[in-house]
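Structure at a glance
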Amino acid sequence: ALRTTADLGVSWGVAAAHAKRALAASDSRLLRVDRKSGALFRFEESGVEIPYLAEHGGPVEWVMRHDRPLFDEGAAGPRAPRETLLWQRTPAALATVPLVAGSTHYGFLLVGFEATHVFSGPERLFVQTLADALALALERIDLFRVIEEERARSGQLERRLHAAQESAAGLMAIVSH
């Protein structure tokens, strides 16, 4: 399903549902990086994007610096930074995975758990695979946006060319008359 849609809301809905069900997670979040400004946005299921500032010393900042996933199993205790502004109830354990396609960073997948959670090898692989699929979906959405912009620009150039050709034909008609 993630490969067939160009709608971020659908992609995120599919990924979030599978993450919660497969991992018995309490909640999940998608943070998207704006490629032009570098700003972070929390993507809501409604399709609204809300600006987000990563928690100082938190998992998103750590993943940004180290460019690899962070699996916080909850051993550090309840006071460990876990992006408290993203949750109604701060998770006891948290997986934070970068969304990277090619060499482009598209955002972060966060999967939270109500209790401490030891991530098995298959669970880590599942979260990484889900993150990779989301990154590819974000890349595809970005490419569709670029294609649409190019189509619009091409249409505008065609209209200008047509107008210029009509002006040239009109000028030739006047000159020949």
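This text follows the structure it describes.
So, a few notes on the structure that sits alongside this text. Since the structure is predicted, the reported quantities are computational estimates derived from the model, not experimental observations. (Residues numbered from 1 in each chain as written. Predicted model: local features only at pLDDT ≥ 70, side-chain atom pairs only at ≥ 80, totals over all residues. Heavy atoms only, no water.)

Both faces of strand β2 (residues 40-43) are covered, namely the face carrying L40 and R42 and the face carrying F41 and F43. Connecting strand β1 (residues 27-33) to the next strand, β2, in antiparallel fashion are six residues, including G38 with a positive phi near 80 degrees. When β2 meets strand β3 (residues 49-52), the two strands line up antiparallel, connected through four bridges. Residue pairing across strands places F41 opposite P51, the latter belonging to β3. (Buried < 20%, exposed > 50% of the residue type's maximum accessible area, 1.4 Å probe, protein only. Helix = DSSP H or I, 4+ residues; strand = E, 2+ residues; numbered from the N terminus. Pairing = 2+ DSSP bridges.)

Counted by the stated rule, this structure contains two aromatic pairs. Seen from their ring centres, F113 and F119 are 5.3 Å apart, and the 80 degrees between their planes marks the pair as edge-to-face. The pair formed by F113 and F119 is uniform in burial state, with each residue classed as buried. A connected cluster of aromatic rings, assembled from ring pairs, spans F71, F113 and F119. (Phe/Tyr/Trp six-rings, centres within 6.5 Å; stacked < 30°, edge-to-face > 60°.)

Time to look at the pairing of strand β6 (residues 104-113). Consecutive residues of a regular strand have side chains that alternate between opposite faces of the sheet. The buried count for β6 comes to eight of 10 residues, which makes it a mostly enclosed element. Note that strand β5 (residues 93-101) and β6 share nine bridges and pair antiparallel. Bridge pairing links A101 to T104 in β6.

The next subject is helix α1 (residues 8-23). Helix length check: α1, at 16 residues, gives a terminal C-alpha distance of 22 Å against a target of 22 Å (1.5 Å per residue), a fit within 8%. Burial in α1 covers these residues: L8, S11, W12, A15, A16, A19 and L23. The buried residues of α1 all sit within an arc of 120 degrees when viewed along its axis, so they share a single face. Backbone geometry just downstream of α1 places A24 in the positive-phi region, at approximately 55 degrees. (Expected span 1.5 Å × (residues − 1). Arc of directions from axis to C-beta.)

Below, the discussion takes up the nonpolar core. Membership of the largest hydrophobic core comes to 27 residues, with the highest contact counts inside it found for W12, L99, L109, V111, F113 and V127. Contributing elements (two or more residues each) for this core: α1, β5, β6 and α3 (121-176). Per-element accounting of this core gives the leading share, seven residues, to α3. In this structure L99 touches L30, L31, T104, H105, Y106, G107, F108, L109, A131, L134, A135 and L138, once residues within four positions along its chain are discounted. Within the second largest apolar cluster, 12 residues are counted, among which are V33, V60, V63 and L110. (Core = buried A, V, L, I, M, F, W, Y, C linked by side-chain atoms within 4.5 Å. Contact = heavy atoms within 4.5 Å.)

For the rest of this paragraph, the subject is the environment of W87. Looking at the secondary structure, you find W87 in the loop between β4 (70-72) and β5. Along the backbone, W87 and R145 are 58 residues apart, and their C-alpha atoms lie at a distance of 30 Å. Sequence-distant contacts of W87, defined by excluding residues within four places in its chain, comprise D27, S28, R29, R82, L94, L110 and G112. Within polar-contact distance, the side chain of W87 engages the backbone oxygen of R82 at 3.0 Å. Separated by 3.1 Å, the side chain of W87 and the backbone oxygen of E83 make a polar contact. (Polar contact = N/O pair within 3.5 Å; in protein donor to acceptor, adjacent residues only side chain to side chain.)

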